[in-house]
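Chain by chain, the residues:
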Amino acid sequence: GYTMPRRDYQLSLEARNAEWALKNLYHHERSSADIRADGDAHLENEDFDDFEVPGCEMCGGVVMPRVVFFGGSIPKETKEMALNMIKKASSVLVLGSSCQVASVYRLCKAAAEKSPIPSEIVLVNIGPTRIDPLISRKIEVQCGEVLRRLCLHLGIEVENDTANNEK
C-alpha cells in the first residue's frame, strides 16, 4: 500500500487542526507535568468532535502506522530478527518504554541473561519500569531531550520544536 513519511502526516494533522490546537493545547503554560512517561500528553479536553484525522492521500481510507499497538502482535519475522540482534549486541539502549509489553520485556531479559557475557542495558525513561531489575543504568529524563542533545553532539541539525523545546 501507499506510505508517507510520519513527519508529512504530522504536518497535515497540525494544519487541519490548528484552531483546535489553539483552543485546547496552548491556552495554558506547558510544563513537564503535562507529558507522561510514555510521551503521551495529558489533555483536559474530552471533546474531540472538532478534531479532524486526515485520511490516506491516495484512497481517503484510514491511515495505519507501521507500528504494533499495545496488545497487538509483532510479526514472527520481526521477533526473530530482534532476538538475533539482541544475541549479537554487547549493549542495549531502551528509550521511553516501561517495557510492560511481554515481547519487549523478553528481549531485555534475553539481553540480561545472555551467556557468557550479558548485554549492558541502559534505560532512558521517567518512572518505574518492568526491566528496572535488569538494567545497568537508568537515566530519568524525557527522551526528546536526550535525543536532541545526542544529535547536537553528533553535529546533526535539530529542527526547532517550540512545543516540546526543553532547557
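That block above? That's the structure.
Residues numbered from 1 in each chain as written. Predicted model: local features only at pLDDT ≥ 70, side-chain atom pairs only at ≥ 80, totals over all residues. Heavy atoms only, no water.

A. Seen up close, the side chain of Lys-114. With respect to the helices and strands, the residue Lys-114 is situated in the loop between helix H4 (102-112) and strand E2 (120-124). Here Lys-114 is buried and forms no salt bridge, its nearest opposite-charge partner Glu-120 lying at an N-O distance of 11 Å. A polar atom in the side chain of Lys-114 sits 3.0 Å from the side chain of Ser-119. When sequence neighbours within four positions are dropped, the list of residues in contact with Lys-114 reads Ile-86, Lys-87, Lys-88, Ala-89, Ser-90 and Ser-119. (Helix = DSSP H or I, 4+ residues; strand = E, 2+ residues; numbered from the N terminus. Buried < 20%, exposed > 50% of the residue type's maximum accessible area, 1.4 Å probe, protein only. Lys, Arg positive; Asp, Glu negative; His and termini not counted. Salt bridge = Lys/Arg side-chain N within 4 Å of Asp/Glu carboxyl O. Polar contact = N/O pair within 3.5 Å; in protein donor to acceptor, adjacent residues only side chain to side chain. Contact = heavy atoms within 4.5 Å.)

B. Structural context of the sheet that holds E2. One open sheet holds the 3 strands; their spatial order is E1-E2-E3, and the pairing between them is parallel. The open sheet terminates on both sides in strands that have one partner only, identified here as strand E1 (91-95) and strand E3 (137-139). Direction aside, the axes of adjacent strands within the sheet are offset by 15° on average. In this sheet, E3 lies alongside E2 in parallel orientation, the contact comprising 3 bridges. Counted as the bridge partner of Val-124 is Ile-139 from E3. (Pairing = 2+ DSSP bridges. Axes fitted to C-alpha atoms, helices over the stretch in contact; angles between N-to-C directions.)

C. Just the packing of helix H3 (residues 76-88) against H4, in detail. Following both chains from N to C, one finds H3 and H4 inclined at 25°, their axes separated by 9 Å at the closest point. On the basis of their axis angle, the class for H3 and H4 is roughly parallel. When you trace H3 past H4, the crossing you get is right-handed. Here Ala-82, Leu-83 and Ile-86 of H3 come into contact with H4, specifically with Leu-107, Ala-110 and Ala-111. Grouping the constituent residues of the contact of H3 with H4 by class yields 6 nonpolar, no polar and no charged. (Parallel < 35°, antiparallel > 145°, perpendicular 65-115°, else oblique. Left-handed = near helix turned anticlockwise from the far one by under 90°. Nonpolar A, V, L, I, M, F, W, Y, C, P; charged D, E, K, R; others polar.)

D. Broad picture of unusual backbone geometry. With an omega of 5°, the peptide bond between Ser-115 and Pro-116 qualifies as cis. Of note, Pro-116 is situated in the loop between H4 and E2. Look at Cys-99: it is not a glycine, yet its phi comes out positive at around 60°. Of note, Cys-99 is situated in the loop between E1 and H4.

E. Just the pairing of E1, in detail. Only one face of E1 is buried, namely the one carrying Val-92 and Val-94, since none of Ser-91, Leu-93 and Leu-95 on the opposite face is buried. Regarding topology, H4 serves as the crossover connection from E1 to the parallel E2, and that connection is right-handed. (Right-handed = clockwise from strand over helix to strand, strands pointing away.)

F. Spatial organisation of the pattern of salt bridges. Counted by the stated rule, this structure contains 7 salt bridges. With a closest N to O distance of 3.2 Å, Lys-138 and Asp-132 form a salt bridge. The class for Lys-138 is partly exposed, based on a relative accessible area of 24%. In this structure, Glu-145 engages Arg-148 in a salt bridge whose closest nitrogen and oxygen atoms are separated by 3.1 Å. Taken as a pair, Glu-145 and Arg-148 lie in helix H5 (residues 143-153) at a separation of 3 residues, close to a single helical turn. Of the residues examined, Arg-148 reaches a relative accessible area of 26% and is grouped as partly exposed. If you follow the salt bridges from partner to partner, you end up with Glu-145, Arg-148 and Arg-149 in one network.

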